[in-house]
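# Survey of secondary and tertiary structure
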Amino acid sequence: EAAFKIAPKELPSRNDLPAEQTSLTVSADKGTVTEGTESRLTATITPGNAAGTVQFKNNGENIGDPAPATNGTAELTHTLPLGANEITAEFTPDNPATFTPATGKGTTVNVEKLPATATTLTYMGDRAGTVNKPAQLKAKVNPDTPGTVQFFELIDATPTPLSDPIQPESGV
């Protein structure tokens, strides 16, 4: 009876395998927003189990902190500046031996100026003054809009300020 010994074949370890290729796509919740509105940006990483972070960029410049990739996605909510914003992203793996870095193709978010709002200013102060007696100057701004009100009097057809600019409170 003969006995044979067979040496086990060595299997390659994970460290001997090349890093798995990743890809990245970038999207935004809206293609057009008005100024001051936040945009939710999403990066989708394939394969979905790739661990790491995503750095979002606007026109090539970093925006926000790197966002963690969880279950194949990373998100950032950000207020973008006026104009066309070309959003891209870069994936950096936690372990470059396991997954490759990736750059996501861009999406454009257009930020438009807020439309002008018609405002009405109604003077509500004293109609006639008395010499050497303070007059009450009061105005109502409708709708309540950020800004200032300043009172003037006309002296020989020249506007002369009666007050410094005042920030209305609740439109008054």
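So, on to the pairing of strand 3 (residues 38-46). Strand residues, when the strand is regular, have side chains that alternate between the two faces of the sheet. By the bridge criterion, six bridges tie strand 1 (residues 23-28) to strand 3 in an arrangement that is antiparallel. From the neighbouring strand, S23 faces strand 3, where its bridge partner is T46. Pairing between strand 3 and strand 7 (residues 73-79): seven bridges, direction antiparallel. Looking at strand 7, one finds that T44 is bridged to T73.

Note: strand 12 (residues 152-155) against strand 13 (residues 158-161), four bridges, orientation antiparallel. By the bridge assignment for strand 13, E153 is matched with T160. The antiparallel pairing of strand 12 with strand 13 creates a hairpin that spans two residues between the two strands, and D156 there sits at a positive phi of about 50°.

A few words on the nonpolar core. The biggest cluster of nonpolar side chains holds 22 residues, and the ones touching the most others in it are V54, F56, I87 and F91. What F91 contacts, discounting residues up to four positions off in sequence, is T22, L24, I45, A50, A51, G52, T53, V54, A69, T100, P101 and A102.

Structurally, T22 can be placed in the segment before strand 1. Overall, T22 belongs to the buried group, its relative accessible area being 5%. Looking at T22, its side chain comes within polar contact range of the main-chain oxygen of T100, at 2.6 Å.

With that settled, the discussion passes to the side chain of T100. With respect to the helices and strands, the residue T100 is situated in the loop between strand 8 (83-93) and strand 9 (102-112). The contact partners of T100, leaving out residues within four places of it in the chain, are A19, E20, Q21, T22, F91 and P93.

Rules of the game
Residues numbered from 1 in each chain as written. Predicted model: local features only at pLDDT ≥ 70, side-chain atom pairs only at ≥ 80, totals over all residues. Heavy atoms only, no water. Pairing = 2+ DSSP bridges. Helix = DSSP H or I, 4+ residues; strand = E, 2+ residues; numbered from the N terminus. Core = buried A, V, L, I, M, F, W, Y, C linked by side-chain atoms within 4.5 Å. Buried < 20%, exposed > 50% of the residue type's maximum accessible area, 1.4 Å probe, protein only. Contact = heavy atoms within 4.5 Å. Polar contact = N/O pair within 3.5 Å; in protein donor to acceptor, adjacent residues only side chain to side chain.

That is the geometry; function is a separate question.
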